Amino acid sequence: MGMPQSAAMHNSAKANIEYTIYTFQKDAAKPKSAESWQKQETLSDMGQAIKKAEALYGSGKYCKVEIKQKYTDPKNNRVIDTTLKTYARKEKKSLSTAALAAIAAFGGIVAFLLTYYLGRG
């Protein structure tokens with residue numbers, strides 16, 4: 001009868017795997033609650049999905065690109081959805097955050113020195 005049962009199940013499970021690419025783009029003009037992920041494409045080949053996601057991320061239009069893997073687990077009769085890969089740009093800390101941290105550190109040192117010298121006398 002052709003293939004053994006386990007090989008047939010493996011091939012049918014492979015056929016049910018989907019790779020969906022999502023993108024996220026921040027818009028400074030919109031409020032944070034209006035930002036959302038956008039579905040770009042669903043593919044059945046992982047290699048093609050990775051190439052497409054890398055191309056979208058490389059375009060510079062999106063701050064995050066994510067590939068989600070979705071498949072059906074026939075043994076437990078449920079759909080499993082996992083994040084396979086995420087491409088994300090790290091947000092640069094603003095100068096004001098760094099300046100506030102430096103001022104706080106300087107203030108802490110001054111407070112320590114004042115307490116130390118005033119406490120000795």
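For the structure, check the block above.
Rules used in this analysis
Residues numbered from 1 in each chain as written. Predicted model: local features only at pLDDT ≥ 70, side-chain atom pairs only at ≥ 80, totals over all residues. Heavy atoms only, no water. Phe/Tyr/Trp six-rings, centres within 6.5 Å; stacked < 30°, edge-to-face > 60°. Helix = DSSP H or I, 4+ residues; strand = E, 2+ residues; numbered from the N terminus. Buried < 20%, exposed > 50% of the residue type's maximum accessible area, 1.4 Å probe, protein only. Lys NZ or Arg CZ within 6 Å of the ring centre and 35° of its normal. Contact = heavy atoms within 4.5 Å. Polar contact = N/O pair within 3.5 Å; in protein donor to acceptor, adjacent residues only side chain to side chain. Salt bridge = Lys/Arg side-chain N within 4 Å of Asp/Glu carboxyl O.

Q: What's the story with the packing of aromatic side chains in this structure? I'm lost.
A: Two numbers describe a pair of aromatic rings. These are the distance of the centres and the angle of the planes. Here the structure, examined in full by the defined rule, presents four aromatic pairs. Residues Phe 112 and Tyr 116 carry aromatic rings whose centres are separated by 6.2 Å and whose planes lie at 20° to one another, so their mutual orientation is stacked. With a gap of four residues between them, Phe 112 and Tyr 116 both fall in helix α3 (residues 95-120), about one helical turn apart. Overall, the relative accessible area of 55% leaves Phe 112 in the exposed class. An aromatic cluster is built from Phe 112, Tyr 116 and Tyr 117, whose rings are joined through pairwise contacts. Stacked on the ring of Tyr 57, the Lys or Arg Arg 89 has its end atom at 4.2 Å from the ring centre.

Q: Is there a simple way to explain the environment of Arg 89 in this structure?
A: Looking at where Arg 89 falls in the secondary structure, it is placed in the loop between β4 (78-88) and α3. Looking at Arg 89, the relative accessible area reads 34%, which means it is partly exposed. Each C-alpha atom, one on Arg 89 and one on Cys 63, is 5.5 Å from the other, the two residues being 26 residues apart in sequence. The contacts of Arg 89, once residues within four sequence positions are left out, are Tyr 57, Gly 60, Tyr 62 and Cys 63. In this structure the side chain of Arg 89 is engaged in a polar contact, spanning 2.7 Å, whose partner is the backbone oxygen of Tyr 57.

Q: In this structure, what is going on with the pattern of salt bridges? I would like to understand it.
A: If the charged atoms of two oppositely charged side chains come close together, the side chains can form a pair. Applying the stated rule across the entire model yields two salt bridges. With a shortest N-O distance of 3.4 Å, Glu 41 and Lys 52 are connected by a salt bridge. Remark: Lys 52 occurs in helix α2 (residues 46-58) and Glu 41 occurs in strand β2 (residues 37-43); sequence separation between them is 11 residues. On the accessibility criterion, Glu 41 (28% relative accessible area) is partly exposed. A relative accessible area of 35% places Lys 52 in the partly exposed class.

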